[in-house]
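Structure at a glance
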Amino acid sequence: MTRRGIILAGGSGTRLHPLTASVSKQLLPIYDKPMIYYPLCTLLLAGISDILLITRPDDKRQFERLLGDGSQWGVTFSYASQVEPDGIADALLIGESFIDGAPSALILGDNIFFGAGLENLLSSATARTAGATVFSYAVKDPTAYGVISFGPDGRAAAIEEKPIAPQSHHAVTGLYFYDGRASEYAHSLRPSPRGELEITDLNRIYLENGELHAETMGRGYAWLDTGTQAALTDASQFVRIIEDRQGMKICCPEEIAWRKGFITTAQLRDLGRSIGSSGYGDYLVRITDEVG
């Protein structure tokens, strides 16, 4: 079955300042494009073209206005709302009918991934139809994250949420691949002391079944969790520096859709021209000119 994608753009902590109370954080810019483009592009890189966006109810219309139905990029977008911030695993219950027993990928709306080998890493996870796949990333302070530790054989041995005494420095990133049982398992979860359905508890079910695969994002990868104003600024600087130096866009959905074969060269050129004379639109036209 074709893997479905879910972006959780709701939940708590989506506003950074009272002055932005009317704007979802995922609609704020990371340098030259809305934050939501970055997790969206991660799913596109994985070859996923059927995507559900879960937002706060009062943000839904803004996302629909920005992204539409996805047809401009040759993909399909659906929308749903998370009324209360009931946890990441709650997304698999909200999206249960959308997933419909198929394999799925879930990504948080404020997570950015970058690296030369990222597409291959995602393709491997997409091809794995049994069990779950998580991605670990070494961090200085793992106490703020879900933490995964590994046994002598290199396989995942334990996973815990925001531990006081972490067993490793490997944080679990906000990107998860599941087989068709994810929603079923999510139904068995009970709220944690903070009142949320923890994604760590779901991942632990797969771990205890011997079905949790952990891919390590080592040197050469960047994982940015833009949960604070400082992190938002750092991410914008990171994207600006890479794009300005290389002359290529990071997480440009139009380009990725084209390279994945979701849209044609002519369609990409038309998208660039429709944006108008801007750095972004000019870039889309330029890359089509390079292929003739």
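Residues numbered from 1 in each chain as written. Predicted model: local features only at pLDDT ≥ 70, side-chain atom pairs only at ≥ 80, totals over all residues. Heavy atoms only, no water.

1. What to know about the packing of aromatic side chains
Where we set the bar: Two rings from Phe, Tyr or Trp (for Trp, the six-membered ring) form a pair when their centres are within 6.5 Å of each other. A pair whose planes differ by under 30 degrees is stacked, one over 60 is edge-to-face, and the rest are tilted. By definition, any uninterrupted DSSP run of H or I lasting at least four residues is a helix, any uninterrupted run of E lasting at least two residues is a strand, and each is numbered from the N terminus. Here, over-ring charges are defined by two tests on the NZ atom of lysine or the CZ atom of arginine: distance to the ring centre within 6 Å, and angle to the ring normal within 35 degrees.
For the coordinates displayed, the defined rule picks out nine aromatic pairs. Ring geometry for tyrosine 185 and tyrosine 206: centres 5.1 Å apart, planes at 75°, overall edge-to-face. Within this pair, whereas tyrosine 185 is found in helix 6 (residues 182–187), its partner tyrosine 206 is found in helix 7 (residues 199–208), the two being separated by 21 residues in sequence. Every member of this aromatic cluster is reached through a ring pair, and the members are Tyr176, Tyr178, Tyr185 and Tyr206. Over the ring of tyrosine 283 we find lysine 249, and its NZ or CZ is 5.9 Å from the ring centre.

2. Points about the environment of alanine 116
Along the chain, the position of alanine 116 falls in the loop between strand 7 (111–115) and helix 5 (118–127). With 106 residues separating them in the primary sequence, alanine 116 and alanine 222 have C-alpha atoms 9.9 Å apart.

3. What about the nonpolar core?
Spelled out, the test is: For the purposes of this section, nonpolar cores are sets of buried Ala, Val, Leu, Ile, Met, Phe, Trp, Tyr and Cys residues that join through side-chain atoms within 4.5 Å. Buried residues are those whose accessible area, probed at 1.4 Å on protein chains only, stays under 20% of the maximum for their type, while exposed residues exceed 50% and partly exposed ones sit between those limits. Whether two residues touch is decided by their heavy atoms; if any such pair falls within 4.5 Å, the residues are in contact.
Ile51, Leu53, Leu67, Trp73 and Phe77 are the most contacted members of the largest nonpolar core, which has 58 residues in total. Among the elements that line this core, the one with the most residues is helix 1 (residues 37–45), at seven residues. Apart from the residues within four sequence positions on either side, leucine 67 is in contact with Ile36, Tyr37, Leu40, Leu53, Gln72, Trp73, Phe77 and Tyr79. Residues Val134, Ile148, Ile199 and Tyr206 belong to the second largest nonpolar core, which totals 30 residues.

4. Observations regarding helix 5
We count it as follows: Picture the helix axis, draw a direction to every C-beta atom, and the arc is the one those directions span.
Buried within helix 5 are the following residues: Leu118, Leu121, Leu122 and Ala125. What you see down the axis of helix 5 is that its buried residues fit within an arc of 95°, all on one side. Within helix 5, the exposed residues directed more than 90 degrees away from the buried face are Asn120 and Ala127.

5. Let's talk about the pairing of strand 6 (residues 104–108)
Quick note on the threshold: We call two strands paired when DSSP finds no fewer than two bridges between them.
Counting buried residues along strand 6, five of its five residues qualify, which places the element largely inside the surrounding structure. Of the two faces of strand 6, the one holding Ser104, Leu106 and Leu108 and the one holding Ala105 and Ile107 are both buried throughout. In terms of strand pairing, strand 1 (residues 4–8) meets strand 6 through five bridges, oriented parallel. Bridge pairing links isoleucine 7 to isoleucine 107 in strand 6. In this structure, strand 6 lies alongside strand 11 (residues 170–178), joined through four bridges in antiparallel fashion. Paired with serine 104 across the strands is tyrosine 178, a residue of strand 11.

6. Some details on the environment of serine 149
Here serine 149 lies in strand 9 (residues 146–150). Residues serine 149 and glutamate 119 lie 30 residues apart in sequence; the distance between their C-alpha atoms is 24 Å. Once residues lying within four places of it in the same chain are set aside, the contact partners of serine 149 are Arg155, Ala156, Ala157, Ala158, Gln167 and Ser168.

7. Thoughts on the packing of helix 10 (residues 265–275) against helix 11 (residues 279–289)
Two quantities define a packed helix pair, namely the angle between the helix axes and the distance between the axes. Keep this limit in mind: Axis definition: a line fitted to C-alpha atoms, over the contacting stretch in the case of helices. Angles run 0 to 180 degrees between N-to-C directions. Relative orientations are named as follows: roughly parallel for angles under 35 degrees, roughly antiparallel for angles over 145 degrees, roughly perpendicular for angles from 65 to 115 degrees, and oblique for any other angle. Put simply, a crossing is left-handed when the front helix is turned counterclockwise from the back one by less than a right angle, and right-handed when it is turned clockwise. Polarity classes work like this: nonpolar for Ala, Val, Leu, Ile, Met, Phe, Trp, Tyr, Cys and Pro, charged for Asp, Glu, Lys and Arg, and polar for all others, with Gly in that last group.
Between helix 10 and helix 11, the shortest axis-to-axis distance is 7 Å and the interhelical angle comes to 155°. If you check the angle between helix 10 and helix 11, you find them roughly antiparallel. For helix 10 against helix 11, the interelement crossing comes out left-handed. Where helix 10 abuts helix 11, its residues Thr265, Leu268, Arg269, Leu271, Gly272, Arg273 and Ile275 lie against Tyr280, Gly281, Leu284, Val285, Ile287, Thr288 and Asp289. Partitioned by chemical class, the residues of the contact of helix 10 with helix 11 number seven nonpolar, four polar and three charged.

8. Things to note about helix 1
Of all nine residues in helix 1, nine are buried; the element is thus mostly enclosed. Directly beyond the C-terminal end of helix 1, a positive phi value near 85° is found at glycine 47.

9. Notes on the side chain of serine 168
Defined as follows: N or O atoms within 3.5 Å of each other form a polar contact, as long as, within protein, one can give a hydrogen and the other can take it, and as long as residues adjacent in sequence are counted only when both atoms are side-chain atoms.
Here serine 168 is to be found in the loop between strand 10 (156–161) and strand 11. On the accessibility criterion, serine 168 (13% relative accessible area) is buried. There is a polar contact of 2.5 Å between the side chain of serine 168 and the backbone oxygen of isoleucine 148. Side-chain polar atoms of serine 168 contact the backbone nitrogen of histidine 170, separated by 3.1 Å. Excluding residues that lie within four positions of it along the chain, serine 168 makes contacts with Pro142, Val147, Ile148 and Ser149.

10. Some remarks on unusual backbone geometry
Note: most peptide bonds trans; most residues except glycine with negative phi. Even without a glycine there, the phi angle at aspartate 100 is positive, about 55°. In this structure, aspartate 100 sits in the loop between helix 4 (96–99) and strand 6. Overall, the relative accessible area of 53% leaves aspartate 100 in the exposed class. Even without being a glycine, cysteine 251 presents a positive backbone phi close to 55°.

11. Let's talk about the environment of arginine 61
Structurally, arginine 61 can be placed in helix 2 (residues 60–67). The exposure class of arginine 61 is exposed, given its relative accessible area of 64%. As a C-alpha pair, arginine 61 and leucine 27 span 34 residues in sequence and 12 Å in three-dimensional space.

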